[in-house]
Amino acid sequence: MCGRYAVTTDPALLAAEIDAEDETEGTALDVPGFNVAPTTNIVAVVARHPREAPADPATRRLRAMRWGLLPHWQKTLSGPPLFNARAESVSEKPAFRTAVKNKRCLIPMDGWYEWQVLDPEAKKPRKQPTYLTPVDGTRMYIAGLWSVWRPADAGPDVPPTLSATVLTTDSVGPLRAVHDRMPLVLTPDAFDAWLDPDGPVDPALLRPPALEVAERIEIRPVSALVNAVANTGPELIERVEPGSEPGQLSLL
């Protein structure tokens, strides 16, 4: 789940919103965008100490990352992208247990897409494209993990690849009707603890969000245009009543 999302704010404005230094300038990004997909370059928020003054406090930075975490021990870029990870098991999974210790990030989203199964008992169940977004038009920040990767034969001048994954958790409240999993939405009071590069993760931060967080998220049926990654534009997040366009209810 959460294999597609939208974020429509320029990185410089995101940096100002979250009081972070924008380090994405000059990098190729696939955001802002209305149909962000795995293996593309996204924006993530991290907290790091200055390299030239490691004793100074960590500060927030906005960095470009490949969506699909690459464990440091992976030999090549090939293979299924690890674009999400279950929050319940990241501390045990070999691909994520190193990152969860001190490479935690926030991934800004306006909303994410889900394909709701409408008739699961049917011989050919149908899926309804759905956009989940705050009812008040604000942004969400999703818990994520990141890594630094470079090929084993890379020379010292080859820059590393930064990559990230989205954490998911059990769906809460009305969102259960769409899917049994959802991105782990964090509230602003949890940002500093989550991003802290010096301390272990607080297990409480890996739990599903509070019911009131889920109740502030709109469940919006949208166009089947979102099914194709090549489609990207504001029409993808507009409400389209179920069954009102050809192909909107797609077969599995």
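Everything numeric in this text was worked out from a predicted model, so none of it was measured.

Q: Any chance you could break down the overall build of the chain for me, citing the residues and the numbers?
A: Tallying secondary structure elements over the chain gives four helices and 15 strands in all. The globule rule puts the C-alpha radius of gyration for 252 residues at 18 Å, and the 18 Å found for the chain is close to it. For the chain, the C-alpha atoms occupy an extent of roughly 60 × 40 × 35 Å along the three principal directions. Counting the 252 residues in the chain, one finds 49% classified as buried. Considering only intrachain contacts with a sequence separation of at least 6, the fraction spanning at least 24 residues in the chain is 67%. Of note, the chain has its 26 positive side-chain charges centred 8 Å away from the centre of its 33 negative side-chain charges.

Q: Run through the environment of T133, naming residues and quoting values.
A: By the element assignment, T133 lies in strand β9 (residues 126–134). Overall, the relative accessible area of 7% leaves T133 in the buried class. Sequence spacing of T133 and I42 is 91 residues, and the spatial spacing of their C-alpha atoms is 18 Å. Residues in contact with T133, not counting those within four places in the same chain, are D110, G111, M140, R216, I217, E218 and R220. There is a polar contact of 2.7 Å between the side chain of T133 and the backbone oxygen of D110.

Q: Could you give an account of the pairing of strand β11 (residues 161–170), naming the residues involved and the relevant values?
A: Counting buried residues along β11, seven of its 10 residues qualify, which places the element largely inside the surrounding structure. Pairing of strand β5 (residues 59–67) with β11 involves two bridges; the strand directions are parallel. In the strand pairing of β11, R66 is matched with S163. Inspection of the sheet shows strand β6 (residues 84–86) paired to β11 by three bridges, in the parallel sense. Note that in β11 the partner of A85 across the bridge is L167. Note that strand β10 (residues 140–149) and β11 share six bridges and pair antiparallel. Within β11, the position partnered with V148 by the bridge is L162. Direction of pairing for β11 relative to strand β12 (residues 181–183): antiparallel, over a ladder of three bridges. Paired with D170 across the strands is R181, a residue of β12.

Conventions adopted
- Here the residue numbering is sequential within each chain, running from 1 through the sequence in written order.
- Local features in this predicted model are restricted to residues whose pLDDT is 70 or higher, and side-chain atom pairs enter the listing and the counts only when it is 80 or higher, whereas totals over whole chains, interfaces and linings include all residues.
- Excluded from the side-chain calculations are hydrogens and water; all other atoms, namely the structure's heavy atoms, are used.
- Elements are defined by DSSP. Helices are runs of H or I of four residues or more, strands are runs of E of two residues or more, and each kind is numbered from the N terminus.
- The reference for a compact globule is 2.2 Å times residues^0.38; the radius of gyration itself is calculated from the C-alpha atoms.
- Three exposure classes are used, based on accessible area relative to the maximum for each residue type with a 1.4 Å probe and protein chains only: buried under 20%, partly exposed in between, and exposed over 50%.
- The contact rule is simple, with two residues in contact once any of their heavy atoms fall within 4.5 Å.
- Positive residues here are Lys and Arg, negative ones are Asp and Glu, while His and the chain termini are left out of the count.
- All charge positions are set by atom: Lys at NZ, Arg at CZ, Asp at CG, Glu at CD.
- Distance and chemistry together define a polar contact, namely a pair of N or O atoms within 3.5 Å, with one atom able to donate a hydrogen and the other to accept it when in protein, and with adjacent residues in sequence counting only for side-chain atoms on both sides.
- DSSP-based pairing: two strands are paired if at least 2 bridges between them are found.

Purely geometric stuff here, so don't read any function into it on its own.
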